[in-house]
Amino acid sequence: MVKAERKPVQEIFDAINGYGKVLNVGCGGCVSVCLVGGQKEVNALNAELKVHLEKAGIRKRIDGYTVERQCNESFLKELDSKAPEYDCLVSMACGAGVQHMAQRFSKIPVHPVVNTVSIGIDKDLGMYEERCRACGHCVLGYTGGICPVTRCAKGLFNGPCGGTNGDNCEISNEIPCAWLDIYKRLKNQDRLGDILKVRPHMEWQNQSPRTIIQEPYERRYLA
Ligand code: SF4
Ligand code: SF4
C-alpha cells in the first residue's frame, strides 16, 4: 500500500495562512491504514492547528471531513456541495488523491498535508518499509522476489555494480547489497541461472503519466 508521513505542523500552518475557512479532507484508503490521513488524524491535526491559531491570535474556521478514497470520483463527489463553502482545502491523502481533488475543485487552492513516501509493507504498528517504486517493469520473478529498484542504491536491473563493500552496499556499511541478497535467494532456490538473464534496461524516458487498465476492462476502455 501507499505509505505517507505527515508534514511538520508549521509547514501546514504556513500553507493555510491567509485563508479564512479551511476544510481538511481525510482519506479512508492507504493513508488511513498507515495511520496518517484517516478521520482520526484529521481530528488530531485540526486540534493541533487550532491550538497554534489560538496562540497566534488568529481567527480561522477549520473543519474536517473524510471520504472513503480521494483517488475515486464516486467518493470525491460527496464534497461537491461542501467544498465550495471553503477558501482552501487541505488533503491528507497521497499525491494521487491530492491531485484528484485539485482537479475536481480547480477553483479552490488545495494543499497536501502529508508527504507520499513509498509503496511498502507494515513492519509494525506505525512502522513501514518501502518495497516498490512502481517502476512499471516488475522483475521480481527473476530476482527472487527482491526489488532491485527499491533495494539497490543504483536501481540496477542486471547484477551488482562492482562497488559492493563486503556484503554491503558501497553507500553504507549498514545496508546489505541488494544484489548479494538476490544472489543468495536465487542460489537457495537453485535458480542461479536467472541471474544471468539480461533484462532490458529501465525505460526512464517514458515519463508521461501512466494510465492502468486491467485486462478484463480493456474492451470497455480500448474498444
Ligand atoms: S521491480 Fe521493484 S519497483 Fe519495479 S514494480 Fe517490481 S517491486 Fe516495484
Ligand atoms: S553495492 Fe549492491 S546495492 Fe549497492 S549500488 Fe552496488 S549493486 Fe546496488
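Residues numbered from 1 in each chain as written. Chains lettered and ligands numbered in written order. Predicted model: local features only at pLDDT ≥ 70, side-chain atom pairs only at ≥ 80, totals over all residues. Heavy atoms only, no water.

Engineer: Describe in detail the nonpolar core, supporting the description with residues and values.
Structural biologist: In terms of nonpolar packing, the biggest core is built from 21 residues, with Ile-16, Leu-49 and Val-113 touching the most fellow members. Put simply, the parts of the chain that give this core at least two residues each are helix 1 (9-16), strand 2 (21-27), helix 3 (39-56) and strand 4 (88-91). The contact partners of Leu-49, leaving out residues within four places of it in the chain, are Val-9, Ile-12, Phe-13, Ile-16 and Ile-62. Core analysis: the second largest hydrophobic core is formed by 14 residues, Leu-76, Tyr-86, Leu-89 and Phe-105 among them. (Core = buried A, V, L, I, M, F, W, Y, C linked by side-chain atoms within 4.5 Å. Buried < 20%, exposed > 50% of the residue type's maximum accessible area, 1.4 Å probe, protein only. Helix = DSSP H or I, 4+ residues; strand = E, 2+ residues; numbered from the N terminus. Contact = heavy atoms within 4.5 Å.)

Engineer: Tell me about the sheet that holds strand 6 (residues 114-124), residues and numbers included.
Structural biologist: The three strands are arranged 1-6-7 in an open sheet whose pairing can be described as antiparallel. Whereas interior strands pair on both sides, the edge strands pair on one side only; in this sheet they are strand 1 (2-6) and strand 7 (127-132). Put simply, the sheet's adjacent strands are angled 70 degrees from each other on average, direction ignored. In terms of strand pairing, strand 1 meets strand 6 through five bridges, oriented antiparallel. Across the sheet, Glu-5 pairs through a bridge with Asn-115, a residue of strand 6. (Pairing = 2+ DSSP bridges. Axes fitted to C-alpha atoms, helices over the stretch in contact; angles between N-to-C directions.)

Engineer: Break down the site of ligand 1 for me, citing the residues and quoting the values.
Structural biologist: Taken together, the neighbourhood of ligand 1 is formed by Arg-131, Cys-132, Arg-133, Ala-134, Cys-135, Cys-138, Val-139, Leu-140, Cys-147 and Val-149. For the shell around ligand 1, the per-class residue count stands at eight nonpolar, no polar and two charged. (Near = heavy atom within 4 Å. Nonpolar A, V, L, I, M, F, W, Y, C, P; charged D, E, K, R; others polar.)

Engineer: So, the pattern of salt bridges: which residues are in play, and what are the values?
Structural biologist: Here the structure, examined in full by the defined rule, presents 14 salt bridges. A salt bridge links Asp-122 to Lys-3; its shortest N-O distance comes to 2.6 Å. Of this pair, Asp-122 sits in strand 6 while Lys-3 sits in strand 1, and the two are 119 residues apart along the sequence. Judged by its relative accessible area of 48%, Asp-122 falls in the partly exposed class. Taken together, the salt bridges that share partners define one network made up of Arg-61, Asp-63 and Glu-85. (Salt bridge = Lys/Arg side-chain N within 4 Å of Asp/Glu carboxyl O.)

Engineer: Could you give an account of the site of ligand 2, naming the residues involved and the relevant values?
Structural biologist: Around ligand 2, the neighbouring residues are Cys-152, Ala-153, Lys-154, Leu-156, Pro-160, Cys-161, Thr-164, Cys-169, Glu-170, Cys-177, Ala-178 and Trp-179. Tallied by class, the residues present in the shell around ligand 2 amount to nine nonpolar, one polar and two charged.

Engineer: Go over the domain arrangement of the protein with me, naming the residues and quoting the values.
Structural biologist: With domains assigned, the protein is organised as domain 1 (2-118) and domain 2 (134-210). Of note, the centres of domain 1 and domain 2, computed from C-alpha atoms alone, are 37 Å apart. (Domains from an automatic or database assignment.)

Engineer: Can you break down helix 1 residue by residue, with the values?
Structural biologist: Residues spaced three or four apart along an α-helix point in a common direction, a consequence of the helix completing one turn every 3.6 residues. Of the residues making up helix 1, those classed as buried are Val-9, Ile-12, Phe-13 and Ile-16. In an axial view of helix 1, the angular spread of the buried residues amounts to 100 degrees, which keeps them on one side of the axis. Looking at the buried side of helix 1, the elements it contacts are strand 1, strand 2, helix 3, strand 3 (61-67) and strand 4. Immediately downstream of helix 1, the backbone of Gly-18 shows phi near 95 degrees, a positive value. (Arc of directions from axis to C-beta.)

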